[in-house]
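Summary of the model geometry
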Amino acid sequence: MWFYDITTRDDFEKVKDTVEEIMLRSGAEIFETDLPYEQKTTTFSGDFDETHFSKRPIFTYNKEYFRVDEILFKHKPFIVIECGDIDHLLNNTMEDAEPFPYDLPYEELVNEVKYSLGIKPYPKI
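Reference entry: report on the structure contained in this document. (Residues numbered from 1 in each chain as written. Predicted model: local features only at pLDDT ≥ 70, side-chain atom pairs only at ≥ 80, totals over all residues. Heavy atoms only, no water.)

Looking now at the pairing of strand β6 (residues 77–84). The element β6 is largely enclosed, with a buried count of seven among its eight residues. The turn joining strand β5 (residues 64–72) and β6, which pair antiparallel and follow one another in sequence, is formed by four residues. Summarising the sheet, β6 and strand β8 (residues 100–101) pair through two bridges and their orientation is antiparallel. Paired with F78 across the two strands is P101, which belongs to β8. Pairing analysis gives two bridges linking β6 to strand β7 (residues 95–96), with the strands arranged antiparallel. If you follow E82 over to β7, its bridge partner there is D96. (Buried < 20%, exposed > 50% of the residue type's maximum accessible area, 1.4 Å probe, protein only. Helix = DSSP H or I, 4+ residues; strand = E, 2+ residues; numbered from the N terminus. Pairing = 2+ DSSP bridges.)

In this model helix α1 (residues 9–25) runs 25 Å from its N-terminal to its C-terminal C-alpha over 17 residues, within 8% of the 24 Å that 1.5 Å per residue would give. All of the buried residues in α1 are R9, F12, E13, V15, K16, V19, E20, I22 and M23. Projection of α1 onto a plane perpendicular to its axis shows the buried side chains occupying an angular sector of 165°, all on one side. When the buried face of α1 is taken as reference, the exposed residues oriented beyond 90 degrees from it are D10, K14 and R25. In the stretch just after α1, G27 is the one whose phi turns positive, near 110°. (Expected span 1.5 Å × (residues − 1). Arc of directions from axis to C-beta.)

Ranked by size, the top nonpolar core spans 20 residues in total, and within it V19, M23, I79, I81, F100, L109 and V113 carry the most contacts. Tallying contributions element by element places α1 first for this core, with five residues. Not counting residues up to four positions away in its chain, the partners in contact with V19 are V68, I79, I81, F100, L109 and V113. By size, the runner-up hydrophobic cluster in this structure holds five residues, among which are L35, I58, Y65 and M94. (Core = buried A, V, L, I, M, F, W, Y, C linked by side-chain atoms within 4.5 Å. Contact = heavy atoms within 4.5 Å.)

Turning to the environment of E95, a few remarks are in order. By secondary structure assignment, the location of E95 is in strand β7. Residue classification places E95 among the exposed residues on the basis of a relative accessible area of 53%. The contact partners of E95, leaving out residues within four places of it in the chain, are I81, E82 and C83.

By the bridge criterion, three bridges tie strand β1 (residues 29–31) to strand β4 (residues 58–61) in an arrangement that is antiparallel. Each residue of the ladder has a partner; that of E29, found in β4, is T60. Where β4 lies against β5, three bridges are found, and the strand directions are antiparallel. Residue F59 lies in a different strand from β5, and its bridge partner there is F66. The turn linking β4 back onto β5 is made up of two residues, and N62 within it adopts a positive phi angle of 55°.

Here it is in C-alpha cells:
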C-alpha cells in the first residue's frame, strides 16, 4: 500500500523514468537480458510495508551494471541506483549507491546519477 500524501506512486515512478533518461544521456546503455528472478522491492518500516514489482531496465556503464530502485523512508521516498558486476546482477546481490530524495531539482538529479555512475566523485562532507 502506498502511504505517502506528498506524492503518488505514478509521480514517483515518473521521477525514476527521468533518472533513467539522465543515465542514458550520461553514456549508460540498456543491457538486454532475462533475469532469473523477479524484480521486487519490499520495504518494512514501523507500521507500514510496501512491495513493488518492477520491470525497470538494466544499464551498463564502464563495465558495471546498474538498475534504478527505491528506498521508502518514513517521511518520503528516495531513489537509489543499484550497481555491481554481471555476477551481482544475475544473483540479485547488487549494492546500493547513495540514496537520494525523489524531489530534487533536475540538476541535482543529474549530479546524483553522475555520482552513482562514477562520472563525478561524491562531494566530501
